[in-house]
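Here's the letter readout for the chains.
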Amino acid sequence: MTIKIAYLYYDLLNLNGENGNIKILKQQLEKQNIKVELVLLTTTDNIIGESYDLFYIGGGTENHLRIALKHLQKHQQTIHQAIENHKFFLVTGNSLELFGKKGIGIFDFEEQTAEKPFQEVILETDFVGKGIIGLLNQKKDIIETKYPFFKNSQQGIHYINFFAPKVFGPIFAKNPLFLEFFLKQLVLFKYPFFTFQPIEFEFEEMAYYNYQKLMHKKLVE
Amino acid sequence: MKRILILILTKIIAFILFKIQKNSDLPGLIALKLDRAIISYFTLPQNTIFVSGTNIKSAVANNIYQIYTKEGYNVAENAFSSNHYLGVLTYLIKNSNLFGKIKPNILVLKVDTLALENILSKLTPSHLIVTNLSREQSMITGHFEETFIKIKNNIKEPTKLILNADDPLVFSLSLHYKGNITYFGIENNFNNQNTTLDYDDNLDFLYCPICDTKLIYEKIFYNNIGHYHCPQNHYTRPTPQYPVTIDNQETCLINQQKIKLSEPVLYHVYNLAATYTLLKEQVLIDNEKIINHLNNIKDITIEKYQHHNKNFFFPPTKTTNPVSYYHILDYISKQKTPITLVIGYQRLSNEYIENDVSWLWDVKFELINNDYIKNIICLEKYAYDIALRLKYANFNPDRITIIKNEQKFLKNLDEYTSENIYFLTCDNLTKKFKKKGK
């Protein structure tokens, strides 16, 4: 059994510890005795949608997003088809912009510039029982989307298997329940009868609860 | 007249703070409240060197200061002040006369990259050294590209730039600056040359700023630092004026002359390269004397203390700064004695209340996963986040201990630690452990 992951623009879009998502997913899949083929793709490569089970894109600087977009525009059709064909995508941080009206136009969301600072958030979703922790860039706010990722915020998109919470950082490190949900969906889509070993979260859960406590304290302060 | 009165007031406050032994940026804060542009009142000496960049600025500034002092120059350096805007302003208040003239003949200021924009817009140094520009935590304070733009927009002639040739982002300042630029850089690494980049190498800047083509690397020293060129020939690493070649673990060659290395780490070699280049450019000291001084530099200032039968080591890490960690972890990975590592933070930033530890995932803890690291103690508020990161750096959970309280750790030192303990802790915790060590 193999899961093939394409890390798109690994050399451009990788800010703020988001490489951690790949490290974590890879190790957790391997613990389930699933082989992981990690393919690093960038502006010099061709993207073949059918070749991969998961496409990962991290956040980046404005200039790096611009460079990535030039390349992604050439593969708009491939990417669009892959999304519609239920391929998995995880897009973190500001890279969601690449898929909007000002990007390759797959999603019709509207953004507005807001001079608000970064904010640490805990946001609710339909698919994970506990809130998702993350760091939200509020310099560009999504004001409307048909496919919101969060229940109580417009800052992200969830459409078929396209997951784009607009939060920065290693979302899998901070949110063990989301990791478990995502990993199971990814594997079951390809191997519907897969039997999972229990996923061990030695430190993840305590880190999550600790963060919640710190956030609460910060709000009180 | 108003500015003279502001200086009198703030100098008195600085004097009182000095008498009660309190190091604070309060004089700068008050001066700024009374006059937003007060910093432009100061007249810098003809020889004023600003040292900035994400890493090693303190070490470079200190070396320049030490060498000029030993040569008998009247020189000042903000070694014990903060390098943020208010810290620099406070330092200028303390070291100027009432007309804002800085008293010493040579001034060396380490300046935080975030403060550089506002300081450079009002003051023009004779030299500006930029060591490197790379990622740090703070999404809150902006990323390296934003820092770059702020520096680019505020450098002005006649400042002479001294830039790290091996950092392609720093080199791109040259595309926007018409003034004098000199480069420093190194020719090789200690070990075999690496020419491939992995996804977790903190790849900050790898594309030609002119044509957006991916740069090709002939040599990589760490992260994206090395020898590079644009395949379309738009952008090639400049040749440093005084290239540094590493001979072996003990020596390097600068300008054909041998220099003794206090430690076989890149951090030290870059420090030597930047210091030498500045001193040669300022032409105040003979080459022979510069070489003599560099031979005696010891800039991996790992403070060591004894506590009962344990050795406490305090490497100079900057919390939330992955490159700082890279250099220190590289150093620790070369130690051949059993080590306990203590990692912990009570507060991540003195300026902001933030709990985000995403930056831990940009720190290459994989470097120290060797048999000499007997165990790692994760301390205080973010202990579980640190442990989690270590787990995915393939440390067996048996080697990881979580202790939420620093007092408990100190009480049970023998139970938890081997003979040599390296502390990678925040300033607050470091101070407490150093007290114990003394």
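Higher on the page you've got the structure.
Residues numbered from 1 in each chain as written. Chains lettered and ligands numbered in written order. Predicted model: local features only at pLDDT ≥ 70, side-chain atom pairs only at ≥ 80, totals over all residues. Heavy atoms only, no water.

> I'd like to hear about the packing of aromatic side chains, residue by residue, with values.
Applying the stated criterion to the full structure yields 52 aromatic pairs over all chains. Aromatic side chains Phe127(A) and Phe178(A) sit 6.2 Å apart centroid to centroid with 40 degrees between the ring planes, which places their arrangement in the tilted category. Of this pair, Phe127(A) sits in the loop between strand 6 (119–123) and strand 7 (132–136) while Phe178(A) sits in helix 5 (residues 176–190), and the two are 51 residues apart along the sequence. Given the relative accessible area of 0%, Phe178(A) is considered buried. On the numbers, 5.8 Å between centres and 80 degrees between planes, the contact of Phe409(B) with Phe433(B) is edge-to-face. Taken together, the residues Phe409(B) in helix 12 (residues 406–411) and Phe433(B) in helix 14 (residues 427–437) connect sequence positions 24 residues apart. Of the two residues examined, Phe409(B) and Phe433(B), each falls in the buried class. These aromatic residues form a ring-pair network of at least three members: Phe88(A), Phe127(A), Phe149(A), Phe150(A), Phe163(A), Phe172(A), Phe178(A), Phe181(A), Phe182(A) and Phe189(A). When the ring centre of Phe196(A) is taken as reference, the NZ or CZ atom of Lys184(A) above it lies at 5.6 Å. (Phe/Tyr/Trp six-rings, centres within 6.5 Å; stacked < 30°, edge-to-face > 60°. Helix = DSSP H or I, 4+ residues; strand = E, 2+ residues; numbered from the N terminus. Buried < 20%, exposed > 50% of the residue type's maximum accessible area, 1.4 Å probe, protein only. Lys NZ or Arg CZ within 6 Å of the ring centre and 35° of its normal.)

> If you had to explain the sheet that holds strand 1 (residues 2–8) of chain A to someone new, which residues and values would you point to?
All names here are of chain A. Spatially, the six strands line up as an open sheet ordered 2-1-3-4-10-9, and their pairing is mixed. Of all strands in the sheet, those with a lone pairing partner are strand 2 (35–41) and strand 9 (156–159), marking the two edges. With strand direction ignored, the average angle separating the axes of adjacent strands in the sheet is 15 degrees. Sheet topology places strand 1 next to strand 3 (residues 54–57); three bridges connect them, and they run parallel. Looking at the pairing, Ala 6 lines up with Phe 55 of strand 3. With respect to the sheet, helix 1 (residues 19–31) is in contact with strand 1, strand 2 and strand 3, its orientation differing from that of strand 1 by roughly 175 degrees. Packed on one face of the sheet, helix 3 (residues 76–84) meets strand 1, strand 3, strand 4 (88–91), strand 9 and strand 10 (162–165) and runs near 115 degrees to strand 4. (Pairing = 2+ DSSP bridges. Axes fitted to C-alpha atoms, helices over the stretch in contact; angles between N-to-C directions. Contact = heavy atoms within 4.5 Å.)

> Give me the lowdown on the nonpolar core, citing residues and values where you can.
Among the nonpolar cores identified, the biggest contains 224 residues, and Phe99(A), Phe178(A) and Phe409(B) are the most heavily contacted of them. Here this core gets 10 residues from one element, more than from any other, and that element is helix 8 (residues 266–282) of chain B. Mapping this core onto the domain boundaries places at least three of its residues in each of domain 1 (40–294) and domain 2 (303–437) of chain B. Those residues within four positions of Phe409(B) in sequence are excluded, and the remaining contacts are Val342(B), Ile377(B), Leu379(B), Ile403(B), Tyr416(B), Thr417(B), Phe423(B) and Phe433(B). (Core = buried A, V, L, I, M, F, W, Y, C linked by side-chain atoms within 4.5 Å. Domains from an automatic or database assignment.)

> Lay out the environment of Glu366(B) with the relevant residues and their values.
Residues and elements named next belong to chain B. Inspection of the secondary structure assignment puts Glu 366 in the loop between strand 14 (339–344) and strand 15 (373–379). For Glu 366, a relative accessible area of 25% gives the class partly exposed. Along the sequence, Glu 366 and Ser 174 sit 192 residues apart, while their C-alpha atoms lie 35 Å from each other. Within polar-contact distance, the side chain of Glu 366 engages the side chain of Arg 389 at 2.8 Å. (Polar contact = N/O pair within 3.5 Å; in protein donor to acceptor, adjacent residues only side chain to side chain.)

> Could you give me a rundown of the pattern of salt bridges, with the residues and numbers involved?
Throughout the structure, instances matching the rule amount to 27 salt bridges over all chains. For Lys391(B), the salt bridge identified is with Glu202(A), shortest N-O distance 2.8 Å. Residue Lys391(B) is located in helix 11 (residues 383–391), and its partner Glu202(A) is located in the loop between helix 5 and helix 6 (204–220); the two belong to separate chains. The class for Lys391(B) is buried, based on a relative accessible area of 5%. For Glu202(A), a relative accessible area of 32% puts it in the partly exposed group. Two residues, Asp35(B) and Arg3(B), come together in a salt bridge whose shortest N-O distance is 2.6 Å. Residue Asp35(B) is found in the loop between helix 2 (26–34) and strand 1 (47–52), and its partner Arg3(B) is found in helix 1 (residues 2–19); the two are separated by 32 residues along the sequence. Connected through salt bridges with shared partners, the residues Lys23(A), Asp200(B), Asp201(B), Lys364(B), Glu366(B) and Arg389(B) form a single ionic network. (Salt bridge = Lys/Arg side-chain N within 4 Å of Asp/Glu carboxyl O.)

> How would you summarise the state of the cysteines if you had to cite specific residues and measurements?
All names here are of chain B. A complete count under the given rule lists zero disulfides over all chains for this structure. Here Cys 426 stays unpaired: no disulfide links it, and the sulfur of Cys 378, its closest cysteine neighbor, is 14 Å away. What makes Cys 426 buried here is its relative accessible area of 3%. (Disulfide = S-S within 2.5 Å.)

> Residue-level account of the interface of chain A and chain B, with values.
The interface of chain A with chain B comprises 50 residues on the first partner and 40 residues on the second. Approximately 4100 Å² of surface area, both sides summed, lies buried where chain A meets chain B, with 57% of it carried by carbon and sulfur atoms. Seen at the junction of chain A and chain B, the total is 28 residue pairs in polar contact (both at pLDDT 80 or more). A breakdown of the residues in the side of chain A that touches chain B according to their chemical character gives 22 nonpolar, 14 polar and 14 charged. (Buried area = accessible area lost by both parts, 1.4 Å probe. Nonpolar A, V, L, I, M, F, W, Y, C, P; charged D, E, K, R; others polar.)

> Tell me what's going on with the sheet that holds strand 5 (residues 160–164) of chain B, and back it up with residues and numbers.
Residue and element names in this part refer to chain B. The strand order 2-3-1-4-5-6 describes an open sheet built from six strands, whose pairing is parallel. Edge strands, defined here as strands with exactly one partner in the open sheet, are strand 2 (75–77) and strand 6 (181–184). Here the strands of the sheet are splayed against their neighbours by 15 degrees on average, with no regard to which way each runs. Contacts from helix 4 (residues 85–94) reach strand 2 and strand 3 (106–110), with the element oriented near 160 degrees to strand 3. Running at roughly 145 degrees to strand 1, helix 5 (residues 113–120) makes contact with strand 1 and strand 4 (127–130) of the sheet.

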